[in-house]
Amino acid sequence: MQDGVDGADRVRLKRANGDSVDFEVISGTEGASAFNIGTLLAESGLVTLDIGFANTASCASNITYIDGDAGIVRYRGYPVNQLAEHATFCDVVHLLTTGELPTQDQLASLNAGMAEGTELARTLQPVFSAMPSNTHPMAMLSAGVSALSGVSSDAFDAFDDSAAELATARLIGAFSILAALTYKASSGGSLPRSTPSTSSYAGDFLGNLFGSPGDGYESDPVIERALDVAFILHADHEQNCSTSTVRLAGSARASLLSSVVAGISALSGPLHGGANQAVVEMLEDIKSGGGDVARFVGSVKDRQSGTRLMGFGHRVYKSYDPRAAIIKKLLDQVLLQLGKKDDLLDIAIELESVALSDEYFISRKLYPNVDFYTGLLYRAIGFPANMFTVLFAVGRLPGWIAHWRECVTDKQNKIGRPRQLYVGPTERTYQPQ
Ligand code: CMC
């Protein structure tokens, strides 16, 4: 089968026997156009095979735009570097989930709804104490979100703006308490009696984690801002693995909470959100093995070893991940503020420099991604490694909510149900063994 453009708005797929099928080309506002293959099977008896959906758009979306070659990420049109410079995470929650930056009144409503959500989530503390303390915090988080459905009266009416905004605010607030409870359950201790009132979502979050019922929590503005910006940088990334999972669950009309649980599971994988924990573990291994970066890079290049340079490479970015540079700057600021030095940072910098000048990585366009330095940032702030992916989830929640809502309210959407190329046995007759 060959392809060729037939006019500006049609694509023709032509088989060697001369049969052809035409498809409509659909243009977005920017980026690649798409041709709609919805009639392909009916018209030609063929399906497309696209492992990992590397070339398949699963939906039309108006939430986030990425140009991987130019290193551009925009939420609802706003460049992520501008949001990281000027906005707060709460601004970005409102932006992603409603389409516009909030007014002061809208921010006040968001904060009020979040406060209600935190109170609701506090009632779930027994769920966390019932789990073995060595349960991974991501597993605890998904159990906590599942349990939230039992105490939440929000049915999340995706078609009603004000109901959806209130349910969003409550879930964003509840999620920060659930994340704090995963930390308390695995490290011991209890939540402070009430959420401390700092100047940001990240400040309140830090207070819930690191405060205790007896002690007040003193927020450090540099640390607080660094974490708030890290949440902003993780807030959405269009059709990544966990967001696609949330949308796929939502396409079956699974509830928002059930779909978020599916997203948490996908995010936990080391090739996705779990990479931030895996990067620090990799750096620790290199350090305990004597700090020989060149030897480690050699093992990555040895295709038999199966070793990957964690925190490097991305499906979309083929020049650089703009979020990685911002995270590295935040890490430097936090280390300076705390007067700390981290041996693992020296190893990471050497690793980055060796990889960026090595033909293996150059030819495959492998650059540091957002997770190369986030683990070190979180470690500098004082989070244990098993909490890193929970922090990613806290940041990503507004993106999941926005995509779930976009999916379930899109009248053209259908249940997600891919085809397959069957390569198993043909029919055989059952013989008792
Ligand atoms: N280390 C070594 N080789 C790599 C790496 C890596 N980190 N990433 C890709 N490659 C090689 C891969 O072996 C393949 O080589 P070849 O063409 O010779 O077979 C080539 O580069 C293309 O890789 P791919 O696996 O086809 O690329 P992908 O788009 O399917 O995978 C990725 C993207 C992020 C899963 C992958 O780069 C990876 O595993 N990176 C390490 C894990 C990581 O840091 N994940 C976090 C991603 S950013 C946060 C998020 O959004 O999830």
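Residues numbered from 1 in each chain as written. Predicted model: local features only at pLDDT ≥ 70, side-chain atom pairs only at ≥ 80, totals over all residues. Heavy atoms only, no water.

This paragraph deals with the packing of helix 12 (residues 275–288) against helix 18 (residues 388–409). Contact pair helix 12 / helix 18: the axes reach a minimum separation of 7 Å and the direction vectors enclose 150°. One finds that helix 12 runs roughly antiparallel with respect to helix 18. In terms of crossing hand, the pair formed by helix 12 and helix 18 is right-handed. Across the interface between the two elements, Asn276, Gln277 and Val280 of helix 12 pack against Phe388, Thr389 and Phe392 of helix 18. For the contact of helix 12 with helix 18, the residue count by class is three nonpolar, three polar and no charged. (Axes fitted to C-alpha atoms, helices over the stretch in contact; angles between N-to-C directions. Helix = DSSP H or I, 4+ residues; strand = E, 2+ residues; numbered from the N terminus. Parallel < 35°, antiparallel > 145°, perpendicular 65-115°, else oblique. Left-handed = near helix turned anticlockwise from the far one by under 90°. Contact = heavy atoms within 4.5 Å. Nonpolar A, V, L, I, M, F, W, Y, C, P; charged D, E, K, R; others polar.)

A few words now on the site of the ligand. Every one of the 19 residues lining the ligand counts as a neighbour, but His272, Arg303, Arg308, Leu309 and Gly311 are closest to it. At 2.8 Å, a backbone N or O of Leu271 approaches a nitrogen atom of the ligand. Contact distances for the ligand include 2.8 Å between a nitrogen atom and a backbone N or O atom of Phe312. Taken domain by domain, the makeup of the shell around the ligand includes at least three residues from each of domain 2 (77–272 + 397–409) and domain 3 (275–381). (Near = heavy atom within 4 Å. Polar contact = N/O pair within 3.5 Å; in protein donor to acceptor, adjacent residues only side chain to side chain. Domains from an automatic or database assignment.)

Once that is clear, we can look at the pattern of salt bridges. Here the structure, examined in full by the defined rule, presents 14 salt bridges. With its nearest N and O atoms 2.8 Å apart, the salt bridge here joins Lys301 to Asp358. One end of the pair, Lys301, is in helix 13 (residues 293–301); the other, Asp358, is in the loop between helix 15 (343–356) and helix 16 (359–363), with 57 residues separating them in the sequence. Ionic contacts of the salt-bridge type, sharing partners, join the residues Glu284, Asp342 and Arg379 into one network. (Salt bridge = Lys/Arg side-chain N within 4 Å of Asp/Glu carboxyl O.)

Moving on: helix 11 (residues 256–267). The end-to-end C-alpha distance of helix 11 is 16 Å, a good match for the 16 Å that twelve residues give at a rise of 1.5 Å each. Looking at helix 11, one finds that the buried residues are Leu256, Leu257, Ser259, Val260, Val261, Gly263, Ile264, Ala266 and Leu267. Elements that come into contact with the buried residues of helix 11 comprise helix 6 (137–151), helix 7 (161–187), helix 10 (241–251) and helix 18. (Expected span 1.5 Å × (residues − 1). Buried < 20%, exposed > 50% of the residue type's maximum accessible area, 1.4 Å probe, protein only.)

In total, this model carries zero disulfides according to the counting rule given. Lacking any disulfide linkage, Cys407 is separated from the closest cysteine sulfur, that of Cys59, by 7.6 Å. (Disulfide = S-S within 2.5 Å.)

Our focus in this paragraph is the pairing of strand 2 (residues 10–14). Here strand 2 shows a buried face lined by Val11 and Leu13 and an unburied face lined by Arg10, Arg12 and Lys14. In terms of strand pairing, strand 2 meets strand 3 (residues 20–26) through five bridges, oriented antiparallel. Along strand 3, the bridge assignment pairs Lys14 with Ser20. If you look at the hairpin formed by strand 2 and strand 3, you'll find five residues sitting between the two strands, and Gly18 has a positive phi there, around 100°. (Pairing = 2+ DSSP bridges.)

A word on unusual backbone geometry. A positive phi is found at Arg76, a non-glycine position, where the angle reads about 50°. Along the chain, Arg76 falls in the loop between strand 6 (72–75) and strand 7 (78–79). Residue Arg76 is classed as partly exposed on the basis of its relative accessible area of 22%. Phi at Arg253 is positive, roughly 70°, even though this residue is not glycine.

Taken domain by domain, the protein chain holds domain 1 (2–48), domain 2 (77–272 + 397–409) and domain 3 (275–381). Using only C-alpha atoms to locate each centre, domain 2 and domain 3 end up separated by 27 Å. With 18 residues of domain 2 at the contact, the number on the domain 3 side is 19 residues. Across the interface of domain 2 and domain 3, roughly 1600 Å² is buried in total on both sides, 71% from carbon and sulfur atoms. Scanning the region where domain 2 abuts domain 3 turns up five residue pairs in polar contact (both at pLDDT 80 or more). Counting only elements with at least two residues in the side of domain 2 that touches domain 3, the list comes to helix 2 (80–86), helix 8 (201–210) and helix 9 (221–234). Per-element tally for the side of domain 2 that touches domain 3: the top contributor is helix 9, with eight residues. A per-class count over the side of domain 2 that touches domain 3 returns eleven nonpolar, six polar and one charged. (Buried area = accessible area lost by both parts, 1.4 Å probe.)

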